Amino acid sequence: MRPYIITVFFLIFGLNFVHAQRFGYIDTDFILGKMPEYKKAQDEINQLSEAWEKEIKESQKKIDGMYSALQAEQVLLTEAMRKERTEAIQKKETELKDYQKKVFGFNGLFFLKKQELIKPIQDKVWDAVEKVCKENNLAIMFDKSAELVMIYTDPRHDYTDFVLDQLGYGDPNDKIKN
């Protein structure tokens, strides 16, 4: 009788502990590459970056020109005039450095614009990942393209196509089931 009670006990309470955690992985670089709105956002960010870099280079050329002019005229200038021009050049250099920090520094315009354009797309992907995880009862989802190094990946745990389908960018001819 006792073995039956132990067996029934393990059947009732032990089954809750038997469920193993399921996991999968995705490749967000591949997913984002399939999204036209991501490519459009990247192009806009690149254009802004190039425009800001061009503006900074032009300002640097002006400062270099001011410095060259000072070097050429240094013999003809009085000490007060030389000091005044040197201070003007240093002021322009400081302004340029401040502008560079404002644009490309931590929480600069570039970072904010990138966050403004990319974050909604990433949120869309994360929502799709969450739905795929819930539909497939996954406890853990890894990102193959991130810092996490995956030495071997079994294709049956790849849920990239499911996320693409959830986003509406999947291949209609692709009917892979895990």
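Keep in mind that what you see is a predicted model, and the values were worked out from it rather than measured. (Residues numbered from 1 in each chain as written. Predicted model: local features only at pLDDT ≥ 70, side-chain atom pairs only at ≥ 80, totals over all residues. Heavy atoms only, no water.)

Digging into helix α7 (residues 160-167)
To keep it simple, the criterion reads: Exposure is judged per residue with a 1.4 Å probe applied to protein chains only, and the accessible area is read against the type maximum: over 50% gives exposed, under 20% gives buried, and values in between give partly exposed. Only DSSP runs of H or I with at least four residues qualify as helices, and only runs of E with at least two residues qualify as strands; both kinds are numbered from the N terminus onward. By definition in these notes, contact holds between two residues if any of their heavy atoms fall within 4.5 Å.
Considered for burial, the residues of α7 that qualify are Thr 160, Phe 162, Val 163, Leu 164 and Leu 167. Where α7 is buried, its residues meet β1 (23-26), α3 (28-34) and α6 (109-135).

Regarding helix α4 (residues 36-73)
To be explicit about the condition: The span one expects for a helix is its residue count, reduced by one, times 1.5 Å.
Along its 38 residues, α4 runs 55 Å from first to last C-alpha, staying within 8% of the 56 Å computed at 1.5 Å per residue. For α4, the set of buried residues is Ala 41, Ile 45, Ser 49, Trp 52, Ile 56, Ile 63 and Leu 70. Tucked inside the fold, the buried residues of α4 contact α5 (79-104) and α6.

Points about the side chain of Thr 28
Within the secondary structure, Thr 28 is located in helix α3. The exposure class assigned to Thr 28 is buried, which follows from its relative accessible area of 7%. Residues contacting Thr 28, with those up to four places away along its chain left out, are Trp 126, Asp 143 and Ser 145.

Some remarks on the nonpolar core
What tends to happen in soluble globular proteins is that the nonpolar side chains get buried as a cluster. Selection criterion: The nonpolar core is taken to be a set of buried Ala, Val, Leu, Ile, Met, Phe, Trp, Tyr and Cys residues, with the residues joined through side-chain atoms within 4.5 Å.
Judged by nonpolar contacts, the single largest core of 20 residues is most densely connected at Ile 31, Met 35, Val 125, Val 163 and Leu 167. Every element with two or more residues in this core is listed here: α3, α4, α6 and α7. By residue number, the principal contributor to this core is α6, which donates eight residues. Among all residues touching Met 35, those that are not within four sequence positions of it are Ile 121, Lys 124, Val 125, Leu 167 and Tyr 169. The next biggest cluster of nonpolar side chains, apart from the first, holds six residues, and it includes Ile 56, Leu 70, Ile 89 and Leu 96.

Examining the pattern of salt bridges
To keep it simple, the criterion reads: Salt bridge, as applied in this entry: a Lys or Arg side-chain nitrogen positioned within 4 Å of an Asp or Glu carboxyl oxygen.
Throughout the structure, instances matching the rule amount to seven salt bridges. Where Glu 44 meets Lys 113, a salt bridge forms, and the shortest distance between an N and an O atom there is 3.9 Å. One end of the pair, Glu 44, is in helix α4; the other, Lys 113, is in helix α6, with 69 residues separating them in the sequence. The structure contains a network of salt bridges with shared partners spanning Glu 44, Lys 113 and Glu 116.

What about the packing of aromatic side chains?
The criterion, for reference: Aromatic rings from Phe, Tyr and Trp, taking only the six-membered ring of Trp, are treated as a pair when their centres fall within 6.5 Å; an angle between ring planes under 30 degrees marks them as stacked, one over 60 as edge-to-face, and anything in between as tilted.
Taken as a whole and judged by the stated rule, the model has five aromatic pairs. When the ring of Trp 52 is compared with that of Phe 104, the centres are 6.3 Å apart and the planes differ by 90 degrees; the resulting orientation is edge-to-face. Placement of Trp 52 in helix α4 and of Phe 104 in helix α5 is noted, with a sequence separation of 52 residues between them. On the basis of relative accessible area, Trp 52 is assigned to the buried category, the value being 13%. Here the aromatic rings of Tyr 159 and Phe 162 are separated by 5.3 Å at their centres, their planes lie at 35 degrees, and the arrangement is tilted. Linked through ring pairs, Trp 52, Phe 104 and Phe 110 together constitute an aromatic cluster.

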